[in-house]
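# Summary of structural features
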Amino acid sequence: MKFNTKTIHGGQQHDSSTGAVMPPIYQTTTFAQTSPGQPIGDYEYSRTANPTRTALENALASLENGARGLAFSSGLAATDCLMRGLKAGDEVIAMDDLYGGTYRLFTKIYKDSGIVFHFVDMNDMEKFKSLINENTKLVWVETPTNPMMKLVDIEAIAKITKENKVIFAVDNTFATPYLQNPLDLGADIVMHSATKYLAGHSDVMAGALIMKDEELGKQMHFQQFATGAILGPMDSFLVLRGIKTLHLRMQRHCENGEKIAEFLNNHPKVKTVYYPGLKTNPFHELAKKQMRGFGGMVSFNFVSGKKEDAIDFLEKIKIFTLAESLGGVESLANYSVMMAHASIPEDKRKEIGITDDLVRLSVGIEDAEDLIEDLKRALG
Ligand SMILES: *Cc1c(COP(=O)(O)O)cnc(C)c1O
């Protein structure tokens, strides 16, 4: 099955009792048994599994070419579940440019429980390799990164994690399976904030883990079942509905993203545009190698380097909305320093390029002409 067909049919079956084309929202906590331990169907209790959630999880596994998908109450809940498999003394190597909430989870929750974290730019392969030792249990990568749009060579990292028997997880939120399939490139686990492109309509919080092999899938399901951060049936239905148009939305996100990156790149007030689709972007060749397009996320800063210019721009936009989040049908703008990345200390932020004049755009699926007009006006 090709990708566009998969978004609609992958892992899906019509409801066996009624033929319903979309799975019913099984708003139930429990399922009847005929004798102790003898449930009527495959289900017992909705923390373990619920049919609406199963339908979504099967779709997720299909989209990412994994053996098992799991749906969580948020992206961070998914990451947290994965982390539950580690113990004090274990070491994690993570990309230095990470979603702020992931960084906060690692440094404020797990570091205190004795897990050791190394944050590095994994484009420095020698540095990365030098950090691996017998305690290394997990390599965590986001590509493209939020908000600097850095890429990491998934295949190259996977080669090393395989040699060293380290679990390799990729946050695929920005690219989505429409553009990139980390499991096919050698990763073991894909994580999604399904709140973003997968659900796609800014109306539901959800997260996902997709495991390449069944064994790891079982382990993660146990960790989820035992800790409880599952996605409810209504929200599972909404994410599944969103996924059915993922390919159409992503196609437009990519088209608009390219147009807007091009426009900003030629604007006299704009200094640098961070978008892998630009030929001048240092990650352009890698993007062409491991992605099927460049996505709808575009960051940029100002020639002036002034915070005031960024704030002024963010106050003037009209079609773009100044708000947290990304990946919905509507265009959003984000001021990383005070919003998504406020949890990263200032010196660390500066080091990775999140300066006072950096703006991140989540380009939606409106008419590109209207979006460009809005940007033109707000840039003055
Ligand atoms: C939003 C986001 C997360 C966290 O997901 P939530 O659904 O907000 O918990 C993780 N990684 C990336 C790249 C994100 O954009």
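Residues numbered from 1 in each chain as written. Predicted model: local features only at pLDDT ≥ 70, side-chain atom pairs only at ≥ 80, totals over all residues. Heavy atoms only, no water.

What follows covers the nonpolar core. By size, the foremost hydrophobic cluster in this structure holds 117 residues, and its most contacted members are Met122, Leu264, Phe300, Phe313 and Leu361. It is helix H10 (residues 246–265) that provides the largest number of residues to this core, a total of 7 residues. No fewer than three residues from each of domain 1 (3–243) and domain 2 (246–379) sit in this core. (Core = buried A, V, L, I, M, F, W, Y, C linked by side-chain atoms within 4.5 Å. Buried < 20%, exposed > 50% of the residue type's maximum accessible area, 1.4 Å probe, protein only. Helix = DSSP H or I, 4+ residues; strand = E, 2+ residues; numbered from the N terminus. Domains from an automatic or database assignment.)

Let us now look at the sheet that holds strand E4 (residues 91–95). The 7 strands lie next to each other as E3-E9-E8-E7-E6-E4-E5, forming an open sheet whose pairing is mixed. Taken across any chain shown, the strands that pair with only one partner, and hence form the sheet edges, are strand E3 (68–72) and strand E5 (116–120). Pairs of neighbouring strands in the sheet enclose a mean axial angle of 20°, with direction left out of account. Taken together, the 5 bridges between strand E6 (residues 136–142) and strand E7 (residues 167–171) define a ladder with parallel strand orientation. Within E7, the position partnered with Trp140 by the bridge is Ala169. Those strands touched by helix H8 (residues 214–227) are E3, E7, strand E8 (189–193) and strand E9 (207–211), and its axis lies near 20° from that of E3. (Pairing = 2+ DSSP bridges. Axes fitted to C-alpha atoms, helices over the stretch in contact; angles between N-to-C directions. Contact = heavy atoms within 4.5 Å.)

With that settled, the discussion passes to the packing of H10 against helix H14 (residues 368–379). In contact at an axis separation of 10 Å, H10 and H14 are set at 30° when each is read in the N-to-C sense. It follows that H10 is roughly parallel to H14 by the angle criterion. Once H10 is placed against H14, the crossing between them reads as right-handed. In this structure, H10 contributes Asn256, Lys259, Ile260, Phe263 and Leu264 to the contact, and H14 contributes Ala368, Leu371, Ile372, Leu375, Lys376 and Leu379. By residue class, the composition of the contact of H10 with H14 is 8 nonpolar, 1 polar and 2 charged. (Parallel < 35°, antiparallel > 145°, perpendicular 65-115°, else oblique. Left-handed = near helix turned anticlockwise from the far one by under 90°. Nonpolar A, V, L, I, M, F, W, Y, C, P; charged D, E, K, R; others polar.)

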